[in-house]
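Architecture and fold: a report
What follows is each chain in one-letter form.
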Amino acid sequence: HRIEVHVLLESDLDGFLYISTGLEGDVDLQFLLQGGELTKVKSDSWQKKRFYRLQEDCETMWHESSKIFRKNNTFSIDDIDSVRQGRESEGLLKYTDDSLEDCCFSIIFKGKRKNLDLMASSPEEAKLWVSGLEKVITHMDNLNSQQKSEHWIISCMRKADKNGDNRMTLKELKHFLRQINVEVDDTHATMLFEKCDTSRSGTLEGDEIKQFYELLTYREEIEVIYGKYALTDGQMSAANLLTFLKTEQMASWSLEDAENFIEKHEPDQTAKQKKHLTKDGFLRYFSQKEGSIFNPEHQPVYQDMSQPLNHYFISSSHNTYLMEDQLKGPSSTEAYIRALSKGCRCVELDIWDGPDGEPLIYHGHTLTSRVLFKDVIKAIKDYAFKASEYPVILSLENHCSVQQQKLMAHYMISILGSALLTHPLGNEMPSALPSPQELKRRILVKGKRLNKLDAAFNNNNTEDVDSVSEEDEAAEVKESDQKTKPKKSKIKLAKELSDLVIYCKSVHFNSFEHAKEKQAFYEMASFKESKAKTLADNSASAFVHHNMDKLSRIYPAGSRTDSSNYNPVPMWNAGCQIVALNFQTPCKQMDLNQGRFLPNGKCGYILKPEFMRNPDFLFDPNNLTKAPWLRRKTLHIMVISAQQLPKLNKDKPKSIVDPLVRVEIYGVAADRASQQTPHINNNGFNPTWNRNFQFIINVPELAIVRFEVEDYDTASANDFIGQYTLPFTSMQYGYRRVPLLTQSGGIIPSAGLFVHIMALDN
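Residues numbered from 1 in each chain as written. Predicted model: local features only at pLDDT ≥ 70, side-chain atom pairs only at ≥ 80, totals over all residues. Heavy atoms only, no water.

Where helix H5 (residues 170–179) meets helix H6 (residues 186–196), the closest approach of the two axes is 10 Å, and the angle between their N-to-C directions is 115°. Our classification of the angle between H5 and H6 gives roughly perpendicular. When you trace H5 past H6, the crossing you get is right-handed. Seen from H5, the contacting residues are Leu 170, Leu 173 and Lys 174; seen from H6, they are Asp 186, Ala 189, Thr 190 and Phe 193. A breakdown of the residues in the contact of H5 with H6 according to their chemical character gives 4 nonpolar, 1 polar and 2 charged. (Axes fitted to C-alpha atoms, helices over the stretch in contact; angles between N-to-C directions. Helix = DSSP H or I, 4+ residues; strand = E, 2+ residues; numbered from the N terminus. Parallel < 35°, antiparallel > 145°, perpendicular 65-115°, else oblique. Left-handed = near helix turned anticlockwise from the far one by under 90°. Contact = heavy atoms within 4.5 Å. Nonpolar A, V, L, I, M, F, W, Y, C, P; charged D, E, K, R; others polar.)

See below:
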């Protein structure tokens, strides 16, 4: 049941545009369109039947609600992150019986929206719901930006046709323009209408609507570029396309590559037979990965994964169990699932003694809710390697009694099984950390250890219980970042738990000199953000060299009770690998983190530049005069236009955005820069700027480029519309489309920027 969507711009019998899903007769789709009754599960006492169905646009789910005056009983398929079959959420595990496993499923939404836990009347019906939803979600994900754009515009046209007569009056046309985020005065709207109303009937229908659509979606910048290279009977031949790609896009395509692209993406069959690309086909180029700003060669795992673990930046989460703030928010296994699904490879477990002898995870000395340690380990087992095959590190903050520590060790061994690393790789004592490649699909434990690693080879008889100094973070973070130095406390450590710590033994940091002399390769220190920033500011070169053969973990200050984040870039500049952030908080710092780990298959590991791995280089991010080997660049970015920016206030039809674009460079201090366009009044559909920006990039390997679109406001701070962040080294040159993401990191369908990128040696 392969789904294909064709947006047909033609006159049907009723003279209106229509959408064909290509799924006529598909059993799963017909089931969703018909809908059915499901039990919505919120608690033990709140389990109520509700009717759900897919609307005819095949992109919106409608559901029954008990709230009479509720305005919106729908949610978009685009808002769904995934569908989980079975009792795979905390709510279903807690509030439903084991016997109902096959009847249950959960809809997981993007962003902070709570999961929707549902129960069908039979396992067969549950399978139909899950397979149908997954099919529609996959279809929406597979649509390119041009198809989504066409789909969205036509959907808005349908909504504007209030009486459903497949004709558009002038009033309906004005309503439609406001829906798509364009404010035009009455004179201009009337002019557009009269230009298309060739029949002088007072309504647009059939070919007149098609003409209006083409007039509306006309893009002058595409017309100019296409006209320059369409030199074969007014169209682009494969040779013309190749000339464009080599001249403008710096692409290393062959003539055969150009012909294959035309064969795959040209919508006009006559042109395709001639191996020609029409303007519509050319526009589709920019909606494919080949026309995106992100280099498709960096999309899979492409880096050398055989270097020692400490040679990589590692995507890392702080207090992973928290869904919200640090004081009273909920703790949940769902937080671990979401972090791991985003490619996070180091998660934190803050473990305390629980009642009935069961260890619990929560933020100690606060009102945050609690979750069972064993449930978290089960979630990690199930989701550790769905987004990435590379190793996951469990950073343990152990506050438990010896008895519950033994139970922790038992749960990790019994639940994680062979995935848990319980012995160093090989038969001899290693001298360096293993690589991500060697540790594929393995789970490592970071924590305190009673003895040295070589004890794992010589059967050293360590005491079953001994005292160790408490982890730095455990001592310091609870002090809410007070300037007074916390007292170091001792905790009893069970041998069973100690023995699970192999390559990530937690130790206290004294100085770089002490670490060079005393710290073993498998020992690592954790640094509070303020301490790490001081070292990065004042001893950056020493920090970089320390991280060439040691792992370092950075964590947020205890004063960040709102789960805000620090800037991770200075920590990466100092070579720190495990820069832990609050993944639950949408913010610019998380945008930078997601951008840093966007390439290399989003696998959570990014190979550090050679000058941060090779001790022969004397790299100091704060003093670049000592680095003549740096390949400096001058980056030219032209922000040309934007397409189909979302309305921010959908409840007010006349509320139209006034967009501006800000381009920011993050990296070493010398590269930090920001420039912005002026704002465009009342046009979120197709604003045009044609503004040129220039940036000097001293260290391209560490530079990150961020595009942010904002809604200008004269009276208060601008509102966020969308953003896209990626490493400088992963950008493609030439004319490129920049997709836009929401604050929570989800793609904004149809929306994007059109830019021109060029970087020259400096």
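What follows deals with the sheet that holds strand E8 (residues 104–109). Strand pairing in a sheet takes place through backbone hydrogen bonds and is either antiparallel or parallel in direction. Judged by pairing direction, the sheet is antiparallel, and its 7 strands sit side by side in the order E6-E5-E4-E3-E9-E8-E7 without closing on themselves. Where the open sheet ends on each side, the last strands, each with one partner, are strand E6 (74–76) and strand E7 (80–85). Put simply, the sheet's adjacent strands are angled 35° from each other on average, direction ignored. For E8 and strand E9 (residues 116–119), the ladder comprises 4 bridges, and the chain directions are antiparallel. Across the sheet, Ser 106 pairs through a bridge with Asp 117, a residue of E9. Its contacts with the sheet place helix H1 (residues 27–34) against strand E3 (36–41) and strand E4 (47–54), and it is angled at close to 120° to E4. (Pairing = 2+ DSSP bridges.)

Moving on, we come to the side chain of Glu 701. Position of Glu 701 among the secondary structure elements: in the loop between strand E28 (688–697) and strand E29 (704–711). Polar contacts involving the side chain of Glu 701 include one to the side chain of Arg 631, which spans 2.8 Å. (Polar contact = N/O pair within 3.5 Å; in protein donor to acceptor, adjacent residues only side chain to side chain.)

Moving on, we get to the packing of aromatic side chains. Taken as a whole and assessed by the stated rule, the structure comprises 26 aromatic pairs. Where Trp 253 meets Phe 261, the ring centres are 5.9 Å apart and the plane angle is 55°; that geometry is what we call tilted. Accessibility classification places Trp 253 together with Phe 261 in one group, the buried group. Feature note: the residues Tyr 226, Tyr 229, Phe 244, Trp 253, Phe 261, Phe 282, Tyr 285, Phe 286, Tyr 735 and Phe 754 constitute an aromatic cluster, connected by ring pairs. A cation sits over an aromatic face here: Arg 219 above Phe 754, 5.1 Å from the ring centre. A cation over an aromatic ring shows up here: Arg 672 above the ring of Tyr 666, its NZ or CZ 4.0 Å from the ring centre. (Phe/Tyr/Trp six-rings, centres within 6.5 Å; stacked < 30°, edge-to-face > 60°. Buried < 20%, exposed > 50% of the residue type's maximum accessible area, 1.4 Å probe, protein only. Lys NZ or Arg CZ within 6 Å of the ring centre and 35° of its normal.)

Now for the nonpolar core. Ranked by size, the top nonpolar core spans 80 residues in total, and within it Leu 349, Ile 380, Leu 394, Met 412 and Ile 443 carry the most contacts. Here Leu 394 is in contact with Val 347, Leu 349, Ile 377, Ile 380, Met 412, Leu 416, Ile 443, Leu 444, Val 445 and Lys 446, once residues within four sequence places are set aside. Core analysis: the second largest hydrophobic core is formed by 34 residues, Phe 294, Val 657, Val 709 and Val 738 among them. (Core = buried A, V, L, I, M, F, W, Y, C linked by side-chain atoms within 4.5 Å.)

In the numbering adopted here, UniProt assigns the feature "binding site: Ca(2+) 5" (unreviewed entry) to Asp 711, Tyr 712 and Asp 713. Checked against the element boundaries, Asp 711 lands in strand E29. Residues contacting Asp 711, with those up to four places away along its chain left out, are Leu 648, Val 657, Asp 658, Asn 718, Asp 719 and Ile 721. Of note is the side chain of Asp 711, whose polar atom sits 2.8 Å from the backbone nitrogen of Asp 658. Note that Asp 713 resides in the loop between E29 and strand E30 (719–727). (UniProt positions renumbered as here; feature names shortened; annotations may be inferred.)

Two faces make up the sheet, and in a regular strand the side chains alternate between them. Where burial is concerned, most of E8 is hidden: 6 out of the 6 residues are buried. Alternating residues of E8 divide into Cys 104, Ser 106 and Ile 108 and Phe 105, Ile 107 and Phe 109, and every residue in both groups is buried. Judged from the 5 bridges that link them, E7 and E8 form a sheet pairing that is antiparallel. Directly across from Arg 84, in E8, lies its bridge partner Ser 106. If you look at the hairpin formed by E8 and E9, you'll find 6 residues sitting between the two strands, and Gly 111 has a positive phi there, around 75°.

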